[in-house]
Amino acid sequence: MNDDSNNCIFCKIAKKELQTQIVFENEEFIAFNDIKPVSPVHTLVIPKKHYKNLLEVNDVPMLGKLFLTACDVAKKQGLDEGFRTVINTGDNGGQTVHHLHLHILGGRFHKWPPG
Ligand code: AMP
Ligand code: ZN
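The following refers to the structure shown. Each residue is numbered by its place in its chain's sequence as written, counting from 1. In the order they appear in the text, chains get letters beginning with A and ligands get numbers beginning with 1. Local features in this predicted model are restricted to residues whose pLDDT is 70 or higher, and side-chain atom pairs enter the listing and the counts only when it is 80 or higher, whereas totals over whole chains, interfaces and linings include all residues. With hydrogens and water stripped out, all remaining heavy atoms of the structure feed into the side-chain values.

Comments concerning the nonpolar core
In a soluble, globular protein the nonpolar side chains are often hidden away together inside.
Line of reasoning, step 1. Definition of nonpolar core: a set of buried residues of the types Ala, Val, Leu, Ile, Met, Phe, Trp, Tyr and Cys, connected through side-chain atoms within 4.5 Å. Throughout this description, buried means an accessible area under 20% of the type-specific maximum (1.4 Å probe, protein chains only), exposed means over 50%, and partly exposed covers the range between. In terms of nonpolar packing, the biggest core is built from 16 residues, with Val45, Met62, Leu66, Leu100, Leu102 and Ile104 touching the most fellow members.
Line of reasoning, step 2. Comment: elements are numbered from the N terminus, with helices defined as DSSP H or I runs of at least four residues and strands as E runs of at least two. Contributions of two or more residues to this core are made by strand 2 (29–33), strand 3 (41–47), helix 2 (60–76) and strand 5 (102–106).
Line of reasoning, step 3. Here this core gets five residues from one element, more than from any other, and that element is helix 2.
Line of reasoning, step 4. A contact between two residues is defined here by any heavy atoms of the two lying within 4.5 Å. Filtering out sequence-adjacent residues up to four positions away, Leu66 remains in contact with Phe29, Val45, Pro47, Ile87, Leu100 and Leu102.
Line of reasoning, step 5. Residues Cys8, Ile30, Phe32 and Leu44 belong to the second largest nonpolar core, which totals 10 residues.

Quick look at the side chain of Ser39
Line of reasoning, step 1. Here Ser39 lies in the loop between strand 2 and strand 3.
Line of reasoning, step 2. On the accessibility criterion, Ser39 (7% relative accessible area) is buried.

Topic: the sheet that holds strand 4 (residues 83–86)
Line of reasoning, step 1. The strand order across the open sheet formed by five strands is 1-2-3-5-4, and the pairing between neighbours is antiparallel. The two strands at the open ends of the sheet, each matched to only one other strand, are strand 1 (22–25) and strand 4. Adjacent strand axes in the sheet meet at a mean angle of 20 degrees, parallel and antiparallel pairs treated alike.
Line of reasoning, step 2. Bridge count for strand 1 against strand 2 is three bridges, and the pairing is antiparallel. Across the sheet, Phe24 pairs through a bridge with Ala31, a residue of strand 2. The rule for pairing is simple: two strands pair if DSSP sees at least two bridges between them. Lines fitted to C-alpha atoms define the axes here, with helix axes fitted over just the stretch in contact, and angles between the N-to-C directions of these axes take values from 0 to 180 degrees.

Put into structure tokens, the structure is as follows:
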């Protein structure tokens, strides 16, 4: 953990200090519904450990497990017809919460390219 984690809302969610609709949880990850969904299914998967964003990660197994967890969560939510995974990084990536998170978007068609 580093100092950034002290005021991090996603760390608070991981520690259950802030309530959310939890979809999945294990020792390393937690998945919960986005507070402002942009698709019928909009779930965020986060490592419980605080990483500011993708650029701060050097843990390759954790990244692999993050994606496999996202697949499990998508399947659990019945997204058999497909889904979009998104990781926004930094200002130009549109990142607003500075704790690594993976968006799962499903339940409708997602056009490409995004805006
Ligand atoms: P990003 O723009 O990639 O950093 O995405 C951050 C996401 O976190 C946005 O889609 C927000 O709606 C979502 N968000 C912010 N606060 C909360 C919260 N307390 N519970 C659930 N989702 C949240
Ligand atoms: Zn955090």
